Amino acid sequence: MRPRFPPLALSVLVLTIGLSGEDRSSPSHSSGVVPPSSERSVVTIPATALPSPTEHILDRDSERVRKEGRREWIEEIHRTAPGTDWRAIERRNGLARMEARNRRVQDERALRVSPWTEIGSRNLAGRMHAAAPSADGDSLYAGSSRGGVWKASLTGQGWRPLSDNLYGGAHGVAVAEGPPETITRITDDGLVHYTENGGANWNLPSGNVDNFNRAIRVLADPSDPDRIYLIGRKLNQFGWNVWRLFLSEDRGLSYTRIRNLGANPGDIWIDRQSGGRIWLLEGPTLLFSDDQGANWTPAGTHAVPDPDNVVLAGSEAGAPTFYAALRNGSQWELHRSTDGGASWGYRYDIHDFWETLEASVVDPDVVLFGGVELWRSADGGGTFSLVNPWSAYYADPVNKLHADLPGLNAVWTGSGSEIHYIATDGGLYRSDDRVASVTNISLEWLGVSQYYSTLTSANDPNLILAGSQDQGYQRSTGPAVGTQRDFEQLISGDYGHLTSGDGTHEWVFSVYPGFVLVQWGEFAHALVAYLDFPGDQDFSWMPYILADPNDPDSFYFCGNQIVYYRKSAFNTTWTMVFGAQDFTVHGGTYTTALAISPVDSDDRITVTNSGVLWYSTDGGTSWTVSADSGPSAHYFYGTALEFSPTVAGEATIGGSGYSGPAVYRTGDGGVTWEPLGDGLPPTLVYDLAYEGGPSAVVYAATEAGPFRLDPSTDAWESLDDATAPLTTYWCVEAVPAAGAMRFGTYGRGIWDYQIQDATSVAELREPGSDEPLSLMNYPNPFRSATTLRFTQARSGDVDVRIYDAAGRLVNVLADGPRPAGRHEVQWNGRDARGRQVAAGVYLARLESPDGVATRRISRLR
């Protein structure tokens, strides 16, 4: 059914894409502005076009522009009432999750069976920040944005996470030799934690380092196995930023303040080969201490008397040689000293800077700075050349840097060699020739992708499309390796709001900030169009879109009006149909979500960025303001809004919950709404999804983790357990064929939560328990084999059988007496005659003296 608008109260704009109905090659991009509705726009899209990194403007003022814009965006994301500090709220949420996680880790029963399975991406990494060698120099620790700390060989082999129970990521890493070897991580928003047991537990050090608003740098002293230096910034009692330098003599377990910098910005450096002397750039002055901060000696002063910020790097070669990036007003300048800081000279205006600066250990003339791209100088900062343009990555991801560089570390290994590690938004790179060339060491198992949206085909639970930050629009490819899948990047950039009208991938629409991307074809897939946004509409930076469930090749666009992109019958044109209703008349600037009821597609709900709700009962022909308001939208992803797939009139909405409830529900199609916040902390809800089926259970992806609404209590319950990553959960979708809710995280990839574990029993019972009999299995879904687990309170005959979807017996896994206790049986995916069974859904049935239990199992291809 086409959308119904009043026939005289709409305007029409035709968009034509440059391909015939038979041409399925990727057309290319034109970033034209939508003309007046009386004109026709031909969208011509070069096949090789690569949208530029979404966040940046590459001019000499890009850093200031980017940071100011980013601050505005972040505040818009987390809308709050005046005086409400959302950062402090989420910090408390995260630390509470860590405390609960540490308790679960100590409870061995919680580790036996997990409902969580990591799906990927196995091969496309996300934003990395820092790297540091292990104490013996044989391994590498690396910090990521929201994926925490990872460990691998120095060449990136065997990546494994050490901090799925650590909140906040890792923007700096230091390793104290000990014993025991102790890892400290810091974050840009001021968190400091350490682990002595390889990440099993992360602890807060003592010494008043728990109230930073930014932890700037953490350094281990190579001359002492227990010594760590930490510099950070905090607010004083007057609300001013002040800088403090701390020392730990016990591997980072406790700290003592050794320098108060006041309002002077500061940074530190230590010799990476021999350690000992600590250097401090305090505003305009470089100082050093040979007695761990008990006494300080000025080395010299640079030419910027009152810098707004400073970044310090040094080369051991020379006296040593120092480089300082100094922000003078809006401009970053590079200054150098070749005599140990006694005298300084201006070298260069830094035009693309993320406060990423590093100098070679062995060559005092090699210095690098990074922002969107990495710049290298071999003449002491007099001139710089680009290591590679960001676009080169897409033709050669192994040897070309990805865009955006939050971190850069030159390390000295135990074997006496210098290695540079370059952290990008597309993983971690290594260079052994002072960044004359680079190698990507994050192409396998570094699972730190940042996903905004996933869309799994209704035809195949293993066929996944995903929109990510800076790793583009992705599609799963090839067989799984274990439970994880590789993804291919079909096009660069940031993509969100993936939507399909019929649940397949035949027509899929997604949003990049500036156009709508169109994919045609599930298997012989092609990116066939980039459609301009409406030129005379207000909308969010990445506006909400929704595919039409009645016409899957068309979609709705949320602006201050709802704009329908209607596709012609000839695969060549889309027509913009502007709805008559101006949704700003009762508050708000534009709409941020639209939902259409699967029960009756005439029932529709939309909402503005300020939380004003509207409903329609006639397919969008007319709209009425709801009696109640909902939550404000978050900036990037609009508002989470979903109709129940089975209950007429029921819908749930989620958004900012810092100054009021984050979730509301309606049972009358949007006429009235009531808060639905019990059990949910004050947080930001990014996405909502219904489980489907008769239960119609709701799941939430939030800044504070994954949640499920318990239908028996109408209260939210956290799905955090000892194995799920403790990070931001950005999106969620139901995947019935896998028996799972699929979550996309912002920093730890894609994870499946097994629905059966949520709706039956979450853990195995003890022998003699009065709890109901349960049957569980892992992994689920599985490919080659799965293990079924159960506990029986009494000894006796046990029968475990597998049936297909038609109820036919497939195999008998157990038939005989078993003692009381815990038991496991394995199914290898074969029938009683040893033949491999087809992919699909099967039923496992357990009969014991305690009763009968069943379990739905999915076998993948």
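Everything below is about the structure printed above this text.
Computed from a prediction, not measured in an experiment: that's the story for all the values here. (Residues numbered from 1 in each chain as written. Predicted model: local features only at pLDDT ≥ 70, side-chain atom pairs only at ≥ 80, totals over all residues. Heavy atoms only, no water.)

Q: For this particular structure, what's the right way to read the nonpolar core?
A: Generally speaking, a soluble globular protein has its nonpolar side chains buried in company with each other. Counting residues in each nonpolar core, the largest one holds 25 residues, and the members touching the most others are Leu-594, Ile-605, Leu-641, Ile-653 and Trp-673. Contributions of two or more residues to this core are made by β40 (555-558), β41 (562-567), β43 (591-596), β44 (604-608), β45 (613-616), β47 (640-643) and β48 (651-654). When residues in this core are grouped by element, the largest group, 4 residues, is from β43. Among residues more than four places away in sequence, those in contact with Leu-594 are Tyr-544, Leu-546, Tyr-556, Cys-558, Ile-562, Ile-605, Thr-606, Trp-623 and Leu-641. (Core = buried A, V, L, I, M, F, W, Y, C linked by side-chain atoms within 4.5 Å. Buried < 20%, exposed > 50% of the residue type's maximum accessible area, 1.4 Å probe, protein only. Helix = DSSP H or I, 4+ residues; strand = E, 2+ residues; numbered from the N terminus. Contact = heavy atoms within 4.5 Å.)

Q: Would you take a moment to explain the pairing of strand β9 (residues 182-186) for this structure?
A: Successive residues of a regular strand alternate their side chains across the two faces of the sheet. In terms of burial, β9 is a largely internal element, 5 of the 5 residues being buried. Residues of β9 alternate between two faces, with Thr-182, Thr-184 and Ile-186 on one and Ile-183 and Arg-185 on the opposite face, all of them buried. Pairing of β9 with strand β10 (residues 192-195), which is carried by 4 bridges, proceeds in the antiparallel orientation. Counted as the bridge partner of Ile-183 is Thr-195 from β10. Taking the residues between adjacent antiparallel strands as the criterion, β9 and β10 are bridged by 5 residues, where Gly-190 takes a positive phi near 100°. (Pairing = 2+ DSSP bridges.)

Q: How do you make sense of the environment of Tyr-615 when you look at a structure like this?
A: Tracing the chain through its elements places Tyr-615 in strand β45. Along the backbone, Tyr-615 and Arg-604 are 11 residues apart, and their C-alpha atoms lie at a distance of 5.6 Å.

Q: How should I be thinking about the sheet that holds strand β51 (residues 685-690) in this particular structure?
A: Sheets are built from strands that pair by backbone hydrogen bonding, the pairs being arranged parallel or antiparallel. Ordered in space as β51-β52-β53-β54, the 4 strands form an open sheet in which the pairing is antiparallel. The sheet terminates laterally at β51 and β54 (715-718), the two strands that pair on one side only. Taken over all neighbouring pairs, the strand axes of this sheet differ in orientation by 25° on average, direction set aside. Two strands pair when backbone bridges link them, and β51 and strand β52 (residues 698-702) are joined in this way by 5 bridges, in the antiparallel orientation. (Axes fitted to C-alpha atoms, helices over the stretch in contact; angles between N-to-C directions.)

Q: Quick question: what am I supposed to make of the packing of aromatic side chains here?
A: Scanning the model with the defined rule gives 40 aromatic pairs in all. Ring geometry for Tyr-348 versus Phe-369: centroids 6.1 Å apart, planes at 40°, classification tilted. Residue Tyr-348 is located in strand β22 (residues 345-350), and its partner Phe-369 is located in strand β24 (residues 367-370); the two are separated by 21 residues in the primary sequence. Across the pair, exposure class does not vary: Tyr-348 and Phe-369 are buried alike. Ring pairs connect the aromatic residues Trp-332, Tyr-348, Phe-353, Phe-369, Trp-375 and Phe-384, which therefore count as one cluster. The ring centre of Trp-445 lies 4.8 Å from the NZ or CZ of Arg-122, which sits over that ring. Above the ring of Phe-288, the side-chain terminus of Arg-277 is found at 3.9 Å from the ring centroid. (Phe/Tyr/Trp six-rings, centres within 6.5 Å; stacked < 30°, edge-to-face > 60°. Lys NZ or Arg CZ within 6 Å of the ring centre and 35° of its normal.)

Q: Got a minute to help me understand unusual backbone geometry in this structure?
A: Most of the time, phi is negative for any residue but glycine, and the peptide bond is trans. In this structure, Pro-179 follows Gly-178 across a cis peptide bond, with omega equal to 25°. Examined against the element boundaries, Pro-179 turns out to sit in the loop between β8 (172-176) and β9. The amide bond that connects Pro-179 to the next residue, Pro-180, takes the cis arrangement and shows omega of -10°. Relative to the helices and strands, Pro-180 resides in the loop between β8 and β9. For Trp-445, which is not glycine, the phi dihedral falls at a positive 75°. When you line up the elements, Trp-445 lands in the loop between β30 (439-440) and β31 (451-456).

Q: What is the right way to read the side chain of Arg-665 from this model?
A: Among the secondary structure elements, Arg-665 is positioned in strand β49 (residues 663-666). One polar contact links Arg-665 to Asp-714, side chain to side chain, over a distance of 2.5 Å. In this structure, Arg-665 is in contact with Glu-650, Ala-651, Thr-652, Thr-672, Trp-673, Glu-674, Leu-676, Leu-709 and Asp-714, ignoring residues within four places of it in sequence. (Polar contact = N/O pair within 3.5 Å; in protein donor to acceptor, adjacent residues only side chain to side chain.)

Q: Whenever I open this one, the sheet that holds strand β26 (residues 385-386) confuses me. Can you help?
A: On the basis of which strands lie adjacent, the open sheet formed by 4 strands has the order β23-β24-β25-β26 and antiparallel pairing. Here the strands that pair on one side only, and so sit at the sheet edges, are β23 (356-359) and β26. The sheet contact formed by β23 and β24 spans 4 bridges and is antiparallel. Bridging from a neighbouring strand, Glu-358 pairs with Leu-368 of β24.

Q: Explain the side chain of His-302 to me, please; I cannot follow it from the model alone.
A: The topology assignment puts His-302 in the loop between β18 (297-301) and β19 (309-315). Taking the relative accessible area as the measure of exposure, His-302 reaches 6% and is therefore buried. Polar side-chain contacts of His-302 include one of 2.9 Å to the backbone oxygen of Gly-283. Residue contacts for His-302: discarding those within four places in its chain leaves Leu-281, Gly-283, Pro-284, Thr-285, Pro-307, Leu-326 and Trp-344.

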